[in-house]
Amino acid sequence: MTLYKKGAIKEPGNYRLISVQNTLIKIYEKFLYIKYKKRVMKALQPFQKGAIEDNSTLSIVRRALQKAEGKVAVFFDFKEAFDRV
């Protein structure tokens, strides 16, 4: 389901996707997640980052700061990361 945010109505980027699921589907999703997590984690390449446990953007920044001998620069594009309805 899509929810209109702002701007031109015909522009796809001006809509936000929302999910409407019932409880049974959420429980089934959790079951599949637990069942296949190890298999999927083995298939991922070591350079892949993001929504992976202990491999998120924040944990990578923390590791860089701990190892840094000099200065570290980190840039985030919050405008693209967070939508407004």
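An account of the accompanying structure is given in this report. (Residues numbered from 1 in each chain as written. Predicted model: local features only at pLDDT ≥ 70, side-chain atom pairs only at ≥ 80, totals over all residues. Heavy atoms only, no water.)

1. Quick notes on the overall build of the chain
What counts here: Numbering of helices and strands runs from the N terminus, with a helix taken as a DSSP run of H or I at least four residues long and a strand as a DSSP run of E at least two residues long. Think of it in three bands: residues with accessible area under 20% of the maximum for their type are buried, residues over 50% are exposed, and the middle band is partly exposed, with areas taken using a 1.4 Å probe on protein chains only. Only heavy atoms matter for contacts: two residues are in contact if any of them lie within 4.5 Å across the pair. Computed by Shrake-Rupley with a 1.4 Å probe, the accessible areas treat only the displayed protein chains as cover when residues are assessed.
Of the regular secondary structure elements, the chain holds three helices and two strands. Seen in sequence order, the chain has helices and strands lined up from the N terminus as β-β-α-α-α. Evaluated residue by residue, the chain yields a buried proportion of 6% over its 85 residues. For the chain, the share of sequence-separated contacts (at least 6 apart) that also reach a separation of at least 24 residues comes to 14%. Surface accessibility of the chain: about 8,400 Å² in total, with carbon and sulfur atoms responsible for 60%.

2. Quick notes on a nonpolar patch on the surface
The criterion, for reference: Residues qualify for a patch when their relative accessible area is over 30% and they have no salt bridge, like charges being joined within 9 Å and the nonpolar side chains of Val, Leu, Ile, Met, Phe, Trp and Tyr within 5 Å. Any carboxyl oxygen of Asp or Glu within 4 Å of a side-chain nitrogen of Lys or Arg constitutes a salt bridge here.
Together, Leu65, Val72, Val74, Phe76 and Phe78 make up an exposed nonpolar region whose accessible area comes to about 470 Å². Within the secondary structure, Phe78 sits in helix H3 (residues 78-81). Overall, Phe78 belongs to the exposed group, its relative accessible area being 51%.

3. Concerning the packing of aromatic side chains
Rules: The rule is short: rings of Phe, Tyr and Trp, with Trp giving its six-membered ring, pair when the centres are within 6.5 Å, and they are stacked under 30 degrees, edge-to-face over 60, tilted in between.
Enumeration over the complete set of coordinates arrives at two aromatic pairs. Geometrically, the ring pair formed by Tyr28 and Phe31 is stacked, given 6.3 Å between the ring centres and 25° between the ring planes. Linking Tyr28 with Phe31, this pair stays in helix H1 (residues 23-43), spanning three residues, or about one helical turn.

4. Some thoughts on the environment of Met41
Considering the arrangement of structural elements, one finds Met41 in helix H1. Overall, the relative accessible area of 37% leaves Met41 in the partly exposed class. Residues Met41 and Glu53 lie twelve residues apart in sequence; the distance between their C-alpha atoms is 9.8 Å.

5. Structural notes on a positive patch on the surface
We apply this condition: A residue counts as positive if it is Lys or Arg and as negative if it is Asp or Glu; His and the chain ends are not included. Lys charges are placed at NZ, Arg charges at CZ, Asp charges at CG and Glu charges at CD.
Positive charge collects at one region of the surface, where Lys35, Lys38, Arg39 and Lys42 lie side by side. Structurally, the position occupied by Arg39 is in helix H1.

6. Quick look at the side chain of Asn14
To keep things clear, this is the line we draw: N or O atoms within 3.5 Å of each other form a polar contact, as long as, within protein, one can give a hydrogen and the other can take it, and as long as residues adjacent in sequence are counted only when both atoms are side-chain atoms.
With respect to the element layout, Asn14 can be found in the loop between strand E1 (2-4) and strand E2 (15-17). Here the side chain of Asn14 touches Lys6 through a polar contact of 3.3 Å, landing on its backbone oxygen. Look past the residues within four positions of Asn14 in its chain and what remains in contact with it is Leu3, Tyr4, Lys5, Lys6, Gly7 and Ala8.

Just distances and angles here, no functional claims.
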